[in-house]
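Chains, contacts and geometry: an overview
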Amino acid sequence: MKKPIYFSILLLVLVAAVSSRGMAAQNESVLVGRVSLVEGEVLRYVPEERDWVALVEDAPFGLDDAVYAGESARAEFIIPNRTRVRIGEFTQIQSLQIRGDLTEMDVASGMARFYNNSESGVVRVTTPFGYVVSEGGSSFDIYVGDQSVEVIAVEGVVDFVDQKGSARYEVTAGMSSLISDGTRVSSGDGGVDSAWHAWNEERDRIWSRRVQVKGESARYLPDGLYDDSYVLDEYGRWERVPYEGAHYTLWRPSRVAADWEPYSVGRWSVYHGDNAWMPYEPFGYITHHYGSWVYLGTPAAWYWAPPVRYFAPRPVLNIGFSWYPGRVFWIHSGSYVGWFPLAPYEPYYAHRYWGPRTTIVRDVRLINVGISRFRYVDRSVIINQSHFYRVNNYRDVRMRRLHRDTIIRSYRPAPVLSDRVIRDYRGIRERYNFRNVDVRRTPHDVVLDRVRHNRQIVSRRTDVRAANVQRDLRRIRERTPERDVRIERPRVSGRMVQREDMRRPRNEVRFDQRDIVRQQRQLDQLQQRQERAREWRQRRMEATPRPEIDRTERRAVRPQDRRDQRPRAVEQQRVPRRDTQEQQQRIQRQREQQQRLQRQRQDQQRIQRQREQQQQQQRIQRQREQQQQQQQRLQRQRQDQQRIQRQQMDQRSRQQIQRQERQRPQQRTGRTADGEDGFPRFGR
């Protein structure tokens with residue numbers, strides 16, 4: 001009788017543990033990246049509509065978003081865990097998971113560069129031919145073609161795991177690259193695309209200048225937003241103001257209109273079920289998706305409280321480091337819809353959990369909320385429903401501000417937007433647009449096979465952490481690439497077609513294929529880097545103690561076996577040797593850093609020479625154009641002079657004729673000496 005009770009209690013404990021783990025995973029704050037740069041035609045897939053929309057700067061990128069870059073297109077993504085991602089043309093990338101210590105993405109085609117600037121975070125990138133694992137302080141290029149993939153370490157060391165997950169290969173910066181077709185793995189020459197690498201270096205210099213200028217904002221922002229602190233320094237200032245019985249340092253925008261309000265300069269767009277704010281201000285992304293806004297002071301003004309504070313005496317405004325689509329509350333009346341910012345501790349209603357103080361709405365009819373309970377009702381932004389998804393900026397279409405009592409009396413609350421608030425809400429196709437841009441070319445539906453495949457994998461697997469990825473990587477046996485195998489470098493097919501052809505059968509559409517690496521970087525620099533890397537590896541092998549051979553038992557004796565056989569005094573004598581090795585390693589690291597800086601200087605000099613040559617060619621071209629224009633002007637002047645001369649000659653001729661006519665004797669009509677009719681008579 002006791003055994004069934006015991007097993008029942010054990011079962012309840014297990015169920016409670018599993019449910020609590022699921023609730024913890026469900027209530028975990030969501031991290032979402034930001035699109036920091038878009039060049040060319042870059043599109044985001046909308047699964048609800050099975051369609052693509054144009055991607056713009058300051059748009060969110062995370063969860064399971066799939067993005068495709070067209071021909072000559074490039075984009076940059078900033079992930080709030082010190083990760084940076086850039087993609088090139090014909091690249092299909094999908095976000096699988098973003099956590100504080102893990103960034104997991106899938107690259108189905110094209111070229112991408114990943115930067116892991118964290119200290120202990122992990123970046124895992126999957127492809128159809130295997131996956132790459134990058135730990136803190138490393139960066140790498142990945143070229144994914146139709147039949148193969150190539151991995152090039154730009155900084156540090158990364159690991160490539162084959163398609164079966166049975167072997168891993170180390171890829172080191174300065175050494176050869178790694179090429180795999182899914183079944184075989186070989187070494188490449190490590191050359192990168194020159195145009196792609198030059199563009200990345202230019203972006204690196206831009207971010208280096210931004211990060212070097214450490215303003216006041218860097219003190220108050222969490223590490224995930226550190227790279228964007230320059231925006232707050234440029235467009236506002238930090239002020240110490242009283243709030244809730246204490247003084248706090250909050251940020252105030254300075255380059256805005258006097259009647260400016262949050263969530264007024266931009267537009268709304270549906271993002272994973274909830275309306276996300278798409279700002280028009282340069283500082284709008286950080287201040288409208290993190291932290292909270294408060295209205296205070298004399299005269300009153302809007303101040304932004306950062307998500308994580310290190311300066312307050314007590315946690316009054318700390319709402320946690322979480323990304324929100326837009327912390328507002330909705331109101332509506334007839335054909336008008338409005339919203340107002342939420343105070344730090346007011347609940348945010350949404351269809352899914354985004355962060356602390358999020359109330360998930362399952363059924364709108366079951367939620368009854370009064371408008372009068374909210375603090376900033378009188379700061380509402382109200383527009384006509386016809387403008388809600390059809391304009392890119394509400395600044396010019398909003399109504400004048402209404403009194404608080406008028407809003408409470410005339411408007412009804414709405415926790416989330418639905419057909420009860422906006423007519424035919426689910427039938428408005430523009431609600432997914434980040435900007436109302438006409439998309440004429442889209443990827444063919446063949447690219448969706450990989451998107452669905454990734455979603456199935458993510459939905460089936462359990463919670464994945466950085467420690468799990470590192471543990472699984474250590475369990476895989478390390479191998480070296482095959483020397484006698486020759487695998488062709490990746491070649492990619494462009495999948496962009498006209499919108500009307502996106503769902504045509506695959507055999508009726510022709511995709512052009514091209515090399516990913518069109519113009520390779522100079523091989524002499526690559527050989528120098530390889531030679532330096534070989535020397536570094538040789539010195540590393542010489543510094544490592546080799547195993548000795550025991551002649552009696554004919555087996556290898558490892559250093560740890562010798563340590564067991566030696567007395568303790570001998571072990572203590574080995575400590576200085578370890579110190580010497582550490583010193584050599586430090587010297588080696590310093591030498592490598594100097595070499596890396598030297599290579600960077602050489603690259604900068606090369607780019608400067610290329611720029612000077614290009615400027616010289618442009619100057620020569622301008623001179624040629626000026627000479628041609630000069631010749632054309634001279635020719636026109638000669639033609640004008642000739643025309644004037646002809647006109648003058650004609651005028652002189654006419655004047656001479658007129659003078660001759662005036663000199664003739666006037667002859668009267670009628671009979672004259674010659675004849676009756678005035679004509680001379682001739683003899684018969």
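Residues numbered from 1 in each chain as written. Predicted model: local features only at pLDDT ≥ 70, side-chain atom pairs only at ≥ 80, totals over all residues. Heavy atoms only, no water.

1. Some points on the overall build of the protein chain
The following threshold applies: A helix here means a DSSP run of H or I that spans at least four residues, while a strand means a run of E at least two residues long, and both kinds are numbered starting from the N terminus. Only protein chains enter the area calculation, which uses a 1.4 Å probe; residues under 20% of their type maximum are buried, those over 50% are exposed, and those in between are partly exposed. Residues are treated as being in contact if the distance between any of their heavy atoms lies within 4.5 Å. Note on areas: these come from Shrake-Rupley sampling with a 1.4 Å probe, and a residue is covered only by the protein chains present in the view.
For the protein chain, the count of helices and strands is 11 helices and 36 strands. Within the protein chain, buried positions represent 45% of all 684 residues. Contacts in the protein chain between residues at least 24 apart in sequence constitute 65% of all its contacts with a sequence separation of at least 6. By element, 45% of the accessible surface of the protein chain is carried by carbon and sulfur atoms, the whole surface being about 38600 Å².

2. Points about unusual backbone geometry
The phi angle at R50 is positive, at roughly 50 degrees, despite the residue not being glycine. Locating R50 in the fold gives a position in the loop between β2 (42-46) and β3 (51-54). For R50, a relative accessible area of 39% translates into the label partly exposed. Even without being a glycine, D58 presents a positive backbone phi close to 70 degrees.

3. A few points about the nonpolar core
The condition that has to hold: What we call a nonpolar core is a set of buried Ala, Val, Leu, Ile, Met, Phe, Trp, Tyr and Cys residues that are connected through their side-chain atoms within 4.5 Å.
Judged by nonpolar contacts, the single largest core of 122 residues is most densely connected at F114, W339, W354 and F388. Among the elements that take part in this core, strand β23 (residues 301-305) stands out by supplying five residues, more than any other. Those residues within four positions of W354 in sequence are excluded, and the remaining contacts are S29, V30, V32, L63, Y271, H272, D274, S322, W323, Y324, P325 and Y348. With 26 residues, the next largest nonpolar core counts I152, V439, L448 and M502 among its residues.

4. Quick look at the sheet that holds strand β25 (residues 336-341)
Put simply, the rule reads: By definition, two strands form a pair when at least two bridges between them are found by DSSP. To get an axis, fit a line to the C-alpha atoms, keeping to the stretch in contact for a helix; angles then go from 0 to 180 degrees between the N-to-C directions.
One open sheet holds the four strands; their spatial order is β28-β25-β24-β29, and the pairing between them is antiparallel. Among the strands making up the open sheet, the edge pair consists of β28 (381-384) and β29 (412-414). The average angle at which neighbouring strand axes cross in this sheet is 30 degrees, direction not considered.

5. Considerations on the side chain of S109
Position of S109 relative to the elements: it lies in strand β9 (residues 102-116). The exposure class of S109 is buried, given its relative accessible area of 9%. With residues near it in sequence (within four places) discarded, S109 still touches Y68, F90, T91, Q92, V144 and V492.

6. Remarks on the pattern of salt bridges
Selection criterion: One speaks of a salt bridge when a side-chain nitrogen belonging to Lys or Arg is within 4 Å of a carboxyl oxygen belonging to Asp or Glu.
Tallied over the entire structure, the rule returns 44 salt bridges. In this structure, the salt-bridge partner of D501 is R504, at a minimum N-O distance of 3.7 Å. In this structure R504 comes out as partly exposed when scored by relative accessible area, which is 33%. Through salt bridges with shared partners, one network takes in E49, D51, R429, R431 and R499.

7. Structural notes on the environment of F329
Residue placement: F329 occurs in strand β24 (residues 328-333). For the pair F329 and P347, spaced 18 residues apart in sequence, the C-alpha separation works out to 9.0 Å. Dropping the residues within four chain positions of it, F329 is found in contact with G338, W339, F340, L342, Y349, V369, F374, P413, A414 and P415.

8. Focus: the pairing of strand β8 (residues 92-98)
Counting buried residues in β8 gives seven out of seven residues, a clear majority hidden from the surface. In the sheet, strand β5 (residues 66-69) pairs with β8 via three bridges, with the strands oriented antiparallel. Pairing of V67 across the sheet is with I93, part of β8. In this structure, the hairpin formed by β8 and β9 is closed by a connection of three residues.

9. A short note on the packing of aromatic side chains
Under the convention used in this document: Ring pairs are drawn from Phe, Tyr and Trp, using the six-membered ring of Trp, whenever the two centres fall within 6.5 Å, and their geometry is named by plane angle: stacked under 30 degrees, edge-to-face over 60, tilted for the rest. Criterion for a charge above a ring: Lys NZ or Arg CZ within 6 Å of the ring centre, and within 35 degrees of the ring normal.
Under the definition given, this model contains 33 aromatic pairs. Aromatic pair Y45 and W52: ring centres 5.1 Å apart, planes at 55 degrees, arrangement tilted. Taking the centre distance of 5.8 Å and the plane angle of 75 degrees together, the rings of Y263 and W277 count as edge-to-face. Placement of Y263 in the loop between β19 (246-253) and β20 (266-271) and of W277 in strand β21 (residues 274-279) is noted, with a sequence separation of 14 residues between them. Assigned by exposure class, Y263 and W277 land together as buried. An aromatic cluster of three or more residues is present, and its members are Y263, W268, W277, W330, W339, F388, Y389, Y394 and Y425. R327 extends its terminal NZ or CZ atom over the ring of Y324, reaching a point 5.6 Å from the ring centre. It is R379 that lies over the ring of Y295; its NZ or CZ is 4.3 Å from the centre.

10. Focus on helix α6 (residues 448-460)
Counted only if it meets this: Expected helix span is given by 1.5 Å per residue-to-residue step, counting one fewer step than there are residues. Here the arc refers to the directions that run from the helix axis out to each C-beta atom.
For α6, spanning 13 residues, the distance from its first C-alpha to its last is 19 Å, which sits close to the expected 18 Å at 1.5 Å a residue. Those residues of α6 lying buried are L448, R450, V451 and N454. Along the long axis of α6, the arc covered by the buried residues comes to 155 degrees, so they all point the same way. Facing away from the buried side of α6 by over 90 degrees, the exposed positions are S459 and R460. Check the buried side of α6 and you find it contacts β2, β3, β5, β8, β9 and β10 (122-127).

11. Quick word on the confidence of the model for the protein chain
Residues shown with low pLDDT carry predicted positions that ought not to be read at fine detail. Let me state the cut-off plainly: Confidence scores here are pLDDT values: one per residue, from the predictor, ranging 0 to 100.
Chain-level statistics for the protein chain give a pLDDT mean of 83 and a share of 82% at 70 or above. Within the protein chain, helix α10 (residues 568-573) has the poorest average pLDDT of any element, 37, and β5 the best, 98. Segment residues 544-578: pLDDT under 50, and 20 contacts once partners within four positions in sequence are set aside and those in other chains are kept.

12. Here's the deal with empty space enclosed by the protein
Put simply, the test is: The definitions used throughout rest on a 1 Å grid laid over the protein atoms alone, on which a cavity is an enclosed set of points accommodating a 1.4 Å probe that cannot get out and a pocket is an open set flanked by protein within 12 Å on both sides along at least five of seven lines; lining residues are those having an atom within 4 Å of a point. Grid points are joined across faces, edges and corners, and a volume is the space filled by probe spheres set on the points. Charged means Asp, Glu, Lys or Arg here, nonpolar means Ala, Val, Leu, Ile, Met, Phe, Trp, Tyr, Cys or Pro, and polar covers whatever is left, Gly included.
Here the structure, examined in full by the defined rule, presents six cavities of 30 Å³ or more. Contributing to the lining of the largest cavity are G273, D274, N275, G326, W330, Y348, Y349, A350, H351, V416, L417 and Y425. With three residues, strand β26 (residues 348-350) is the single largest residue contributor to the lining of the largest cavity. Each residue belonging to the lining of the largest cavity can be placed in one class, and the counts come to seven nonpolar, four polar and one charged.

13. What to know about helix α7 (residues 466-475)
Residues lying three or four places apart along an α-helix face the same way, a consequence of the helix completing one turn every 3.6 residues. Within α7 the residues assigned to the buried category are A466, V469 and L473. Projection of α7 onto a plane perpendicular to its axis shows the buried side chains occupying an angular sector of 65 degrees, all on one side. In α7, the exposed residues that point more than 90 degrees away from the buried face are R474 and R475. The secondary structure elements touched by the buried residues of α7 are β9, β10, β11 (130-135), β14 (157-162) and β15 (167-172).

14. Notes on the side chain of S269
For clarity, the threshold we go by: N or O atoms within 3.5 Å of each other form a polar contact, as long as, within protein, one can give a hydrogen and the other can take it, and as long as residues adjacent in sequence are counted only when both atoms are side-chain atoms.
Looking at the element boundaries, S269 is found in strand β20. Only 3.0 Å separates the side chain of S269 from the backbone oxygen of N433, close enough to count as a polar contact. Those residues in contact with S269 that lie beyond four places of it in its chain are D274, N275, A276, M278, R431, Y432, N433 and F434.

15. Some words on the environment of H403
On the secondary structure map, H403 appears in the loop between β28 and α5 (404-410). Along the primary structure H403 and D378 are separated by 25 residues, whereas in three dimensions their C-alpha atoms are 5.9 Å apart.

16. Observations concerning the pairing of strand β18 (residues 236-243)
Across eight bridges, the pairing between β18 and β19 is antiparallel. The residue of β19 that forms the bridge with P242 is H247.

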